[in-house]
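# A structural walkthrough
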Amino acid sequence: MIEVLLGEAGRRIEHRWLTRAFGPALLWCAVAAFAVLPGRGSVLDVPGAARAAADALDHLKGRVSLAVVVGALVVAVAAAAAVGAQAAGGVVRRVWLGVWAGPASRIAAAVTARRRAAALRRLRAR
């Protein structure tokens, strides 16, 4: 039963989303996890980070259920980070390009008209 569910979920996930959003989000989560690991002397203490990662993996050794839960949490956090980054990117794109919806469209029209008038004044001044 679970194999069918996982197989169907795997078929439905788009490959582009996996490579463009989930991979960078997983990398971001790994960097964030190493940033908060204790036992390092400085930011650039790579051996200290390696020791902390080895200690964390030793803690999971022999505890399959805990490893599965930690893995599921990592995947869930990475997926949430990917979705959040895509949503934030969409908002920034709409604000930057002036494609505002609803009542904000009147504000966008006023701001665009003011910018256009200022640009025309600068062009006429030259």
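Just so you know, these numbers come straight off a predicted model, no measurement behind them. (Residues numbered from 1 in each chain as written. Predicted model: local features only at pLDDT ≥ 70, side-chain atom pairs only at ≥ 80, totals over all residues. Heavy atoms only, no water.)

### Concerning the overall build of the protein chain
Scanning the protein chain from N- to C-terminus turns up 5 helices and 0 strands. Reading the secondary structure of the protein chain in the N-to-C direction produces α-α-α-α-α. Here the protein chain has roughly 10,200 Å² of accessible surface; of this, 70% comes from carbon and sulfur atoms. (Helix = DSSP H or I, 4+ residues; strand = E, 2+ residues; numbered from the N terminus. Areas by Shrake-Rupley, 256 points an atom, 1.4 Å probe, with all protein chains shown as cover.)

### Thoughts on a nonpolar patch on the surface
A cluster of nonpolar residues, Leu26, Leu66, Val70 and Val74, forms a patch on the protein surface that exposes about 250 Å² of accessible area. No other element matches helix α4 (residues 64-97), which puts 3 residues into the nonpolar patch. Among the secondary structure elements, leucine 66 is positioned in helix α4. (Patch = residues over 30% accessible without salt bridge, like charges linked within 9 Å, V, L, I, M, F, W, Y side chains within 5 Å. Salt bridge = Lys/Arg side-chain N within 4 Å of Asp/Glu carboxyl O.)

### Quick look at the pattern of salt bridges
Across all of its chains, the model carries 1 salt bridge by this definition. Of the charged contacts, one joins lysine 61 and aspartate 58 as a salt bridge, the two residues approaching to 3.7 Å between their closest N and O atoms. A relative accessible area of 64% means that lysine 61 is categorised as exposed. (Buried < 20%, exposed > 50% of the residue type's maximum accessible area, 1.4 Å probe, protein only.)

### Observations regarding the confidence of the model for the protein chain
Confidence along the protein chain averages 78 in pLDDT terms, with 81% of residues attaining 70 or more. The least confident element of the protein chain is helix α1 (residues 2-12), whose mean pLDDT is 64; the most confident is helix α5 (residues 104-125), at 88. (pLDDT = per-residue confidence, 0-100.)

### A look at α4
An α-helical turn contains 3.6 residues, so any two residues separated by three or four positions project in the same direction. Taking 1.5 Å of rise per residue, 34 residues should cover 50 Å, and α4 covers 49 Å from first to last C-alpha, within 8% of that figure. Considered for burial, the residues of α4 that qualify are Ala78, Ala82 and Gly90. Remark: glycine 98 follows α4 within two positions and exhibits a positive phi of approximately 80°. (Expected span 1.5 Å × (residues − 1).)

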